[in-house]
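What the coordinates show
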Amino acid sequence: MPKLPPAVLLLILVFAGLGAGVFVSKPPGKSALTVETELAAEADDLPAQITLLEGQVEYLQGQVNALQEENSMLLQKLGTLGMKGIPLMDPVAGPEGDDVEPDYVGMGIELMKFRKLQALPTPTVGATQTEVETAILAWLRKQQPEDEGPRFALALTALGWIDKPVDPLPLRAALWARQLGGWYDQDSGTLLITEENPVPGKPAPDRPLAIAFGQLLREFGGTLFPEERKEPLTTDERLARESLLAGDAGLTRFLYSLQNPQASPKSDLPAEDPDHPLNEIQIPVFLKELAMFPFRPGFEFAQTLHSAGDFAQLDAAYSRPPRDCAEIIEVERYLDNSALPPSRPQFPSLTVAGNEPYWDDSLGRFAIFNALRTYNSDEDAGQAARGWQSDRLLAYAAPDHPRDHAAWQTQWLTPEHATAFFKAMRNCLLQRYDVKAATDTPEELVLDAQGRHIRLLRNRNGQGVLLLDAATADFVKNLRTTLDGDSKAAE
């Protein structure tokens, strides 16, 4: 056999390798031509596959949108249980004043987010202002049942702080209805929102405040104002707890308005204007100041707690509510863990000439300031009330006289604080009765005028001041004998 040239042998080996590669690379049962054809077909189908995937993505997006819409409808139904036939109302705070139906459910959800409350939206219904007043009054009657409200006014009249007795609860309900614009009705579990259009030029009801207040009342009302109590709350305790609730709602509403400037309350009418809705209520000034106290210092109290520990600090405050208005005015008192709770002044006996008091109460620091500022500057009244430690007001019936008998014992942190209060109260009495005192010393003031017998006394080792305001000379003598432990002899 002739020997092949090297070049030819190399060429044969190259072709043999190519043939083996084609045989190895093709799938079993398929020729090289078939494989090549399929690869070309797959390349042609790639745009079709991309189009198919795009269609599937679009379908899934449609399903997501449908689920979101269904979820919104469920929330709407959940938050508007009981809402039937509610007409279009003024916008909650529309920037252009367009007639847009307010979204109270959405607003409630947003407010709960700001307040960090984990709760379902409150069922909401539209109501008239009268209906809101009725709901508020029903709640107030539960807090002060039977004739407790009128008896309170009788005691204040006996003390000379209001001119004549009234039932303060309907007046307070009317003020709060205009201040809030709504109320949470615990019996029905619904939030009533005033839907009446306000008079042009007058402030509209603050509906975001009403929603925030209602949600907090629903969550914490049972803690602050339990139905079962061994002793009723004093005026001072009640104002302090109302201040926590109103201050928390005001702060929540404030934070909400920062994120939603269009929802900020808009009013060019100052609070002191006679045409302001709050001034339409014929209520004694002293009672009006008590009713509005929770919405003013209460906000600053809540703001301070929020700054110290966000809303968790406010949540904790409901488990240890402020004990008195002094803790609302000076938050340092509330945060001072070493401070002892105030102890009400005690007496050997409350029976005076065979009569039992029909009113036994603690009024607190704000009530003292409110009374003193009538005849003193706000600065002097504030300084005179600052050292308050405790107080106790007793009222006794005087059936045959225009005003009943009153005895009011105050206790002060130091003798210097008692001196400041004595001087300020002396100014009040001298100006109110406008008569020369029978006795006027740094320790005692004696007045007899306008059918009243008034005694202002320093007692309790210089840290107490006792005010007696009686309809007869005999009763004021008996009051002093029974209640003034420092008195060695009756008049």
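Residues numbered from 1 in each chain as written. Predicted model: local features only at pLDDT ≥ 70, side-chain atom pairs only at ≥ 80, totals over all residues. Heavy atoms only, no water.

**Things to note about the packing of helix H13 (residues 365-372) against helix H14 (residues 378-386)**
How two helices sit against one another is set out by the angle between their axes and by the gap between those axes. For clarity, the cut-off: Axis angles are defined between N-to-C directions and span 0 to 180 degrees, where every axis is a line fitted to C-alpha atoms and, for a helix, only to the segment in contact. Starting at the N terminus, helices and strands are each numbered in turn, a helix being any DSSP run of H or I of at least four residues and a strand any DSSP run of E of at least two. By convention the crossing between two helices is left-handed if the near helix lies anticlockwise of the far one by an angle smaller than a right angle, and right-handed if it lies clockwise. The contact definition used throughout considers only heavy atoms, calling two residues in contact when any of these lie within 4.5 Å. Throughout, the ten residues Ala, Val, Leu, Ile, Met, Phe, Trp, Tyr, Cys and Pro are labelled nonpolar, Asp, Glu, Lys and Arg are labelled charged, and all others, Gly among them, are labelled polar.
At a minimum axis separation of 9 Å, H13 and H14 run at an interaxial angle of 145 degrees. Like other packed secondary-structure pairs, H13 and H14 cross with a definite hand, here right-handed. Contacts from Arg365, Ile368, Phe369 and Leu372 of H13 reach H14 at Asp378, Ala381, Gly382, Ala384, Ala385 and Arg386. The residue makeup of the contact of H13 with H14, split by class, is six nonpolar, one polar and three charged.

**Regarding the sheet that holds strand S9 (residues 452-459)**
Heads up, the rule is: Two strands pair if DSSP finds at least two bridges between them.
Taking strand neighbours across the sheet as the criterion, the seven strands line up as S4-S5-S6-S10-S9-S8-S7 in an open arrangement whose pairing is antiparallel. In the strand order of this sheet, the two ends are held by strand S4 (359-361) and strand S7 (439-441), each with one partner. Taken pair by pair, the neighbouring strands of this sheet meet at an average axis angle of 10 degrees, ignoring direction. Against the sheet, helix H15 (residues 415-433) engages strand S6 (405-412), S7, strand S8 (444-449), S9 and strand S10 (464-470), with an angle of about 165 degrees to S9.

**A short note on H13**
Where we set the bar: Residue burial is assigned from relative accessible area. The probe radius is 1.4 Å, only protein chains are included, and a residue is buried under 20% of its type maximum, exposed over 50%, and partly exposed in between.
Burial runs high along H13: eight of the eight residues are buried. Buried within H13 are the following residues: Arg365, Phe366, Ala367, Ile368, Phe369, Asn370, Ala371 and Leu372.

**Thoughts on the confidence of the model for the protein**
As a reminder of what qualifies: What pLDDT conveys is the predictor's confidence in a given residue, as a value from 0 to 100.
With 75% of its residues at a pLDDT of at least 70, the protein reaches an overall mean of 82. Low pLDDT (under 50) marks residues 20-33, which in the prediction has seven contacts with non-local residues, meaning those over four places away or in another chain. In this model, residues 74-98 is a region of pLDDT below 50 whose contacts with residues beyond four sequence positions or in other chains number 48 contacts.

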